[in-house]
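Structure at a glance
Take a look at the letters that make up each chain.
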Amino acid sequence: NDALGVENAYLEAQYRCREGFEMRLEGNSSTRIFCRHRLWIGQVPRCIRIETTVLVKRLEKTCDQKECDQLCFVEDNGNETCSCFRGFRMFEGVCMDVNECTESEALCEFECHNTPGSYRCKCPKGLRLEGTTCIDVNECLLRDGHGPCQEFCHNTHGSWFCSCRPGAKLAEDGQSCEFVDQCSVNNGNCSHTCHSLMGTAFCDCPDGWRLSDNGRTCIDVDECEEAAQEGRICAYECINTPGGYKCVDDEPPEETKILLTTCPIGFTFNSVTKECEDVDECQEDNGGCHQKCSNTMGSFYCSCHTNFVFADDKITCRALDVSKNASLEVTCPPLFPPRHGYLECSREGGARKDMQQTAKVTNSPGSICILRCPGGFRVSGSFFVQCDAQGQWRGDQDGVCINYPTPHLTCPSNIRVEIPPGEDAVTLEVSPRTDSSIIESVPSWVLTQSGKIRLQPSVLNITYIARHPISRVSVSCTFSTAVLDGQPPSVTFCPAAQRHTLDDNSSSIAVTWPEPSFTDNINVSDVTRTNIPGSYFGVGSHLVTYTAHDEAGWSTKCSFKILIVSSMRHIQEQFVRSQLPKYHELY
């Protein structure tokens, strides 16, 4: 019963006894029991067979003369008559079962099965019997409305069918659901990578790309712009590319020397400390400034004295018009430095006192502020402002503090070589690739060889260390060199000699063989041969030679003979021909 909804549904079973039986109930039990939450509620009644003697006693009369098969009745006139239970018929004094299913076709809606003294109706699968009528069984009531289905169950008369949520399809068993690979159709509408998960397509992007707002299309990431905001950019210039970026002069050419001595503008190389040191530009000609020169790390800036401001050329200082007292009250608003940085301002004479004689620092006209960065950071862009006579900051404020880049350093791959023939040592190219001006090596003598070292048989581990000349951030890499004693390749297999006999009508024969094999302590770089398998050979002895070479110049050979002989018939024919006269007279 699901009239009140699936959550309130229950199953009901009602018991009846067949003819010849009676139901025995105990206490307050009923002929019906209920199933709810997968539990049957109630006590199952029992059907007890009605004995013949019991029925006779109910008549309150007894038969003394006749012996009946089932029932005996005493009529009012005293005659005794035999009778049968319901569902049986008297035939020649014997009670015979009546086949109700054949005598009446309208007993059952579907199938009728005869039983002793009665019959029973049967319903097809999916229907249940109620009296003699078959009514539908709602299979979808089970499992909280899912019935036998994994997801959605739909009841029909005498049956049911299952369905699945969007993005899934029914499996072959008609009950389970299989998720459809959404990426198999048009790549799930993704521009790049598609992942199918539980019937849904999820788009993904390769490195250097990100998903747009539509969740389907990948757009390029401008690493140069993002790196500038995070404080990590190339040492020189960063160029964005589709899906990546590249640094200009990020890797020096092959001929670049190991030890560079160039520093950024505003620094000079100290050959003792092997570091870039700041140049004090103000020491020479006051840095070209008209009045004041202030040195900074890697640069400098000019400023003017109190009550002076820059002229239009940004170099010459001109006096402010202080004829009006109001001009002395002009100040510029406070400035806030960018992230990681701080502002350095020139305010000589800029401090004044209020009514309570409390000193205040003011940004009076002519004050200059520049961006300074702590150790490990540098200024990217420009931040140089001056307070003008109207109390407004003039200049550039797009500078930010970013990290100095980490040096790039790439070591050669591990080297494994052998001494060439006639030599006692070998020369190796061991230069690293780097954009740093400060390189160290362990062992230190490697740097003194200008990237080429000569080694005798030995194993040597080399470590390079690159440091940024200003931030001193360092990276390192290590590789190994193994120099072995020179030796030629070894022959692991060389074919045996062969002997072949020509056919009577052949002048040569094709001969094949398994090719030799070689091994070497480093690597067999090349194998040459005088003949290939399947070559044709004529009568005689032939020498086939294979030569194996390694990269150091060592070589070794494998040689074997092939002997070709003629058949006896061919030899006899040649002998006969040799005995014939050279000239013949014709008759």
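Computed from a prediction, not measured in an experiment: that's the story for all the values here.

**Brief notes about the overall build of the protein**
When you go through the protein residue by residue, the secondary structure sums to 4 helices and 53 strands. Split by element, the accessible area of the protein, about 37,700 Å² in all, is 50% carbon and sulfur.

**Some remarks on the confidence of the model for the protein**
In low-pLDDT regions, the fine details of the predicted coordinates are not to be read closely. Averaged over every residue, the pLDDT of the protein is 79; residues scoring 70 or more account for 83%. For residues 53-60, every residue scores under 50 in pLDDT, and the model assigns this stretch 8 contacts once sequence neighbours within four places are set aside. Low pLDDT (under 50) marks residues 250-260, which in the prediction has 19 contacts with non-local residues, meaning those over four places away or in another chain.

**Details of unusual backbone geometry**
Here Val442 and Pro443 are connected by a cis peptide whose omega angle stands at 5°. Locating Pro443 in the fold gives a position in the loop between strand S42 (438-442) and strand S43 (452-455). Non-glycine residue Asp144 carries a positive phi angle of around 55°. Take Asp144: it is sitting in the loop between strand S13 (133-136) and strand S14 (152-156). Judged by its relative accessible area of 75%, Asp144 falls in the exposed class. Of note, Asp285 is a non-glycine position whose phi angle comes to about 55°, a positive value. Its place among the elements puts Asp285 in the loop between strand S25 (275-278) and strand S26 (292-296).

**Digging into the sheet that holds strand S47 (residues 498-501)**
Read across the open sheet, the 4 strands follow the order S47-S53-S52-S50; overall the sheet is mixed. What marks the edges here is a single partner per strand, and that holds for S47 and strand S50 (524-529). Put simply, the sheet's adjacent strands are angled 20° from each other on average, direction ignored. When S50 meets strand S52 (residues 540-550), the two strands line up antiparallel, connected through 5 bridges. Across the sheet, residue Asp526 finds its bridge partner in S52, namely His549.

**With respect to the state of the cysteines**
Scanning the model with the defined rule gives 20 disulfides in all. Here Cys101 pairs with Cys112 through a disulfide, and the sulfurs are 1.9 Å apart. Between Cys101 and Cys112, the disulfide has an S-S torsion of -70° and is therefore left-handed. Highlighted residues: Cys101 in helix H2 (residues 100-103) and Cys112 in strand S10 (residues 111-115), separated in sequence by 11 residues. The partly exposed category is assigned to Cys112, whose relative accessible area is 26%.

**Some points on the pairing of S26**
In terms of residue burial, S26 counts as a mostly covered element, since 4 of its 5 residues are buried. Where S26 lies against strand S27 (residues 299-303), 5 bridges are found, and the strand directions are antiparallel. Following the sheet pairing, Lys292 is matched in S27 by Ser303. Taking the residues between adjacent antiparallel strands as the criterion, S26 and S27 are bridged by 2 residues, where Gly298 takes a positive phi near 85°.

**Quick word on a positive patch on the surface**
A grouping of Arg18, Arg49, Arg120 and Lys122 is seen on the molecular surface, where their side chains present a positively charged patch. Checked against the element boundaries, Arg18 lands in the loop between strand S1 (11-14) and strand S2 (21-24).

**A look at the sheet that holds strand S45 (residues 474-484)**
Sheet architecture is open: 4 strands sit in the order S39-S45-S44-S42, paired in mixed fashion. Taken across any chain shown, the strands that pair with only one partner, and hence form the sheet edges, are strand S39 (415-418) and S42. Direction aside, neighbouring strands of the sheet carry axes that sit 20° apart on average. In terms of strand pairing, S39 meets S45 through 4 bridges, oriented parallel. Pairing of Arg416 across the sheet is with Ala482, part of S45.

**A look at the pattern of salt bridges**
Under the definition given, this model contains 8 salt bridges. Close ionic contact of Arg454 with Glu423 constitutes a salt bridge, the shortest N to O distance being 3.2 Å. Within this pair, whereas Arg454 is found in strand S43, its partner Glu423 is found in the loop between S39 and strand S40 (426-429), the two being separated by 31 residues in sequence. Here Arg454 falls in the partly exposed class, since its relative accessible area comes to 47%.

**Quick look at the environment of Gly381**
Within the element layout of this structure, Gly381 appears in the loop between strand S34 (377-380) and strand S35 (383-387). The exposed category is assigned to Gly381, whose relative accessible area is 59%. In this structure, the C-alpha to C-alpha distance between Gly381 and Gly399, residues 18 residues apart in sequence, is 4.2 Å. For Gly381, the residues in contact, after removing those within four places along its chain, are Asp398 and Gly399.

**A few points about the packing of aromatic side chains**
Two descriptors summarise a pair of aromatic rings, namely the distance from one centre to the other and the angle between the planes of the rings. Counted under the stated rule, the structure contains 4 aromatic pairs. Aromatic pair Trp513 and Phe537: ring centres 6.4 Å apart, planes at 50°, arrangement tilted. Of this pair, Trp513 sits in the loop between strand S48 (508-511) and strand S49 (517-519) while Phe537 sits in strand S51 (residues 535-538); the two residues are 24 residues apart in sequence, bridging distant segments of the chain. These aromatic residues form a ring-pair network of at least three members: Trp513, Phe537 and Phe560.

**Remarks on the side chain of Thr296**
Mapped onto the elements of the fold, Thr296 is located in strand S26. Judged by its relative accessible area of 8%, Thr296 is buried.

Parameters at a glance
Residues numbered from 1 in each chain as written. Predicted model: local features only at pLDDT ≥ 70, side-chain atom pairs only at ≥ 80, totals over all residues. Heavy atoms only, no water. Helix = DSSP H or I, 4+ residues; strand = E, 2+ residues; numbered from the N terminus. Areas by Shrake-Rupley, 256 points an atom, 1.4 Å probe, with all protein chains shown as cover. pLDDT = per-residue confidence, 0-100. Contact = heavy atoms within 4.5 Å. Buried < 20%, exposed > 50% of the residue type's maximum accessible area, 1.4 Å probe, protein only. Pairing = 2+ DSSP bridges. Axes fitted to C-alpha atoms, helices over the stretch in contact; angles between N-to-C directions. Disulfide = S-S within 2.5 Å. Patch = residues over 30% accessible without salt bridge, like charges linked within 9 Å, V, L, I, M, F, W, Y side chains within 5 Å. Salt bridge = Lys/Arg side-chain N within 4 Å of Asp/Glu carboxyl O. Lys, Arg positive; Asp, Glu negative; His and termini not counted. Charge placed at Lys NZ, Arg CZ, Asp CG, Glu CD. Phe/Tyr/Trp six-rings, centres within 6.5 Å; stacked < 30°, edge-to-face > 60°.

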